[in-house]
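This is what each chain is made of:
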Amino acid sequence: MSNPTPRVRFAPSPTGMLHVGNARTALYNWLFARHTGGDFVLRIEDTDVERSEARYETQLIEDLRWLGLDWSEGPLVGGPYAPYRQSERMEIYQQHTDRLLREGKAYRCFCTAEELEQERQLALQEHRTQMYSGKCRALATSEAETRAAAGESFAVRLAVPDAPLRFHDIVRGDVEFASETVSDFILVRSTGVPVYNYVVTIDDALMQITHVIRGDDHISNTPRQVAIYQAFGWQLPQFAHLSTILGSDRERLSKRHGATSVASFREMGILPQALANYLALLGWGAEGGTRETFTREELIAEFKLERVTPSPAVFDWDKLHWLNRHVIKQTPLPELRALSWPYFAALHWLPPHATAAIDAWFDRVLELFLPAVDQLQQLPEKATALWKPAPVTQEDASLLASEAGERVVRAFTAKILAEPGGLTPQRFKELMNEVKVETGVKGKDLFHPVRIILTGAHSGPEFDKLIPLLEDGSKLDLPTHVSSVRERVEAFIASSVGS
Ligand code: GLU
């Protein structure tokens, strides 16, 4: 018998933002499907009506698209096993419950909350793990049906056979749980709402899922799901539980560790390919190598579940930044321009819409500052000298006020003011040379005061690059003016007159 086409699913609950852990789960499912030529299903697990929100589903879809993870079946695209939203599948679950009751694989439980609480307390006193006594399992079907028909409320429980629950996990190997660990658990609450383990199993089976790849927080759910597969006589899928992601303190990664949602990475200016590459490495490595940078196609070609490690992965910002810098270097400038523009537009440093002249100038700004950033959102701060020179620090002010500093300031400002037109880097160099000869000051004692006058700080980009950016930028119609070298010198003189 030939193996069926692999089918995997990503099954998020729309109860919050998509975080690193789930994004990695989505990516591994997607990579597995692409590698094996299988199908990738997106299923929305929104049975928790209190916590599920449509805006989270919208956001989730946006985040997956941004990461480049497309699905062959699911919301928006449909497919042969629709609907793909659990809230729209209630009738299917109901039909399956009827079947289990009919076949005696499940039973109605009329125990009240108080009765169950008493059982719990007793177990506690006797130092036993609490499990349902199975009291209602003994009820005759006819009696249960009569009570239900009379309007008595009931939950539906699975009659779990007394045998170990086993499954194979591709990451962890063979796993076994004693049947007592699950007892006769509830499938449908007395409110009529089916529980997570139940609907997940029905959906995975009906949607012909061959491999369940998900976070290891679900491993303790798996024996219940195995019991459900067995009750229906369905074949088990293969499981692969992915290890936990930890923060640098080796605690489970959470909000405490700072931004962890995909949306926040996007806002920071982490590029999707960098994040995908990074997430791929969080628990997986290519065969026989220490290689860490992969294109999307290379990831697809290399990805194997057998190479996923069971040990926890530690989230490492330095590595993510390193990959982001790597991806930035590979990305065409027009694309980087489009991605970086909004950070500058938000500060009113650039207009909301581009013009050819501003584009060309901004590309030069990017070429100068991109190598200095880990995230695109850091660009304005790096380029602040162009629009908003930093206020002069105390230390730099005393440098300007030193004997040599004063001499340089006087000579330099006079020369700039005497220049008839714009300044080329070549002309700037000549002027600096003249200042050097006239004042006898050289090296950093010469350059630092000039830099402070022009940018507010004694360190920053090379003059060769900076001068033309200031000169050309000053001629553009920008929402926040970039002042020319002359304008900077004039502003410096004006500000020092009063002080
Ligand atoms: N809806 C579950 C969650 O978001 C995932 C269920 C599963 O993958 O089995 O955690």
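Quick caveat: nothing in here was measured; it's all calculated off a predicted structure.

The environment of the ligand is made up of Arg9, Ala11, Pro12, Ser13, Glu45, Tyr196, Arg214 and His218. Here Arg9 contributes a side-chain N or O atom positioned 2.8 Å from an oxygen atom of the ligand. Contact distances for the ligand include 2.9 Å between an oxygen atom and a side-chain N or O atom of Tyr196. Relative to its unbound accessible area of 300 Å², the ligand is 85% covered by the protein chains. Here the residues of the shell around the ligand are counted per class, giving three nonpolar, two polar and three charged.

Each assigned domain of the protein chain is listed with its residue range as follows: domain 1 (90-241), domain 2 (255-330) and domain 3 (342-498). In this structure, domain 1 and domain 2 have C-alpha centres spaced 37 Å apart. Across the contact, six residues belong to domain 1 and five residues belong to domain 2. Taken over both partners, the interface formed by domain 1 and domain 2 buries close to 420 Å², and the fraction arising from carbon and sulfur atoms is 78%. Our enumeration of links across domain 1 and domain 2 arrives at zero salt bridges. Along the contact surface separating domain 1 from domain 2 lie zero residue pairs in polar contact (both at pLDDT 80 or more). When its residues are assigned to classes, the side of domain 1 that touches domain 2 shows four nonpolar, one polar and one charged.

Packing of helix H17 (residues 403-418) against helix H18 (residues 425-439) leaves a shortest axis separation of 10 Å and a crossing angle of 140°. It follows from the interaxial angle that H17 and H18 lie oblique. Our pair here, H17 against H18, has a crossing hand that is right-handed. Of H18, the residues touching H17 (which contributes Arg407, Val408, Ala411, Phe412, Lys415 and Ile416) are Phe428, Leu431, Met432, Glu434, Val435, Glu438 and Thr439. Here the residues of the contact of H17 with H18 sort into eight nonpolar, one polar and four charged.

Let's shift gears to the environment of Val156. Within the secondary structure layout, Val156 lies in strand E4 (residues 155-158). Taking the C-alpha atoms as reference points, Val156 and Ala140, separated by 16 residues in sequence, lie 14 Å from one another. When near neighbours in sequence (up to four residues on either side) are disregarded, Val156 contacts Thr97, Leu101, Ala106, Tyr107, Phe185, Ile186, Leu187 and Val188.

Burial along strand E1 (residues 7-10) is two-sided: the face carrying Arg7 and Arg9 and the face carrying Val8 and Phe10 are both buried. As paired strands, E1 and strand E2 (residues 39-42) are joined by four bridges and run parallel to one another. Looking across to E2, one finds that Val8 is bridged to Phe40. At this point the chain moves from E1, through helix H1 (residues 20-36), to the parallel E2, and the crossover so formed is right-handed.

Let us look at unusual backbone geometry. Here the amide bond leading from Ala82 into Pro83 is cis, since omega sits at -5°, within 30 degrees of zero. Structurally, the position occupied by Pro83 is in the loop between helix H2 (54-66) and helix H3 (90-102). A positive phi angle, close to 65°, is found at Arg250, a residue other than glycine. Along the polypeptide, Arg250 turns up in the loop between strand E10 (245-246) and helix H8 (262-268).

A few words on the nonpolar core. Ranked by internal contacts, the top residues of the largest apolar core, which has 105 residues, are Trp284, Trp361, Leu386, Trp387, Phe412 and Leu454. For this core, the element with the highest residue contribution is H1, accounting for nine residues. Apart from residues lying up to four places away in sequence, Trp361 is in contact with Leu350, Leu386, Trp387, Leu469, Asp472, Gly473, Leu476, Leu478 and Val482. Of all hydrophobic cores here, the second largest spans 32 residues; its members include Leu101, Leu158, Leu165 and Val226.

Conventions we followed
Residues numbered from 1 in each chain as written. Predicted model: local features only at pLDDT ≥ 70, side-chain atom pairs only at ≥ 80, totals over all residues. Heavy atoms only, no water. Near = heavy atom within 4 Å. Polar contact = N/O pair within 3.5 Å; in protein donor to acceptor, adjacent residues only side chain to side chain. Areas by Shrake-Rupley, 256 points an atom, 1.4 Å probe, with all protein chains shown as cover. Nonpolar A, V, L, I, M, F, W, Y, C, P; charged D, E, K, R; others polar. Domains from an automatic or database assignment. Contact = heavy atoms within 4.5 Å. Buried area = accessible area lost by both parts, 1.4 Å probe. Salt bridge = Lys/Arg side-chain N within 4 Å of Asp/Glu carboxyl O. Axes fitted to C-alpha atoms, helices over the stretch in contact; angles between N-to-C directions. Helix = DSSP H or I, 4+ residues; strand = E, 2+ residues; numbered from the N terminus. Parallel < 35°, antiparallel > 145°, perpendicular 65-115°, else oblique. Left-handed = near helix turned anticlockwise from the far one by under 90°. Buried < 20%, exposed > 50% of the residue type's maximum accessible area, 1.4 Å probe, protein only. Pairing = 2+ DSSP bridges. Right-handed = clockwise from strand over helix to strand, strands pointing away. Core = buried A, V, L, I, M, F, W, Y, C linked by side-chain atoms within 4.5 Å.

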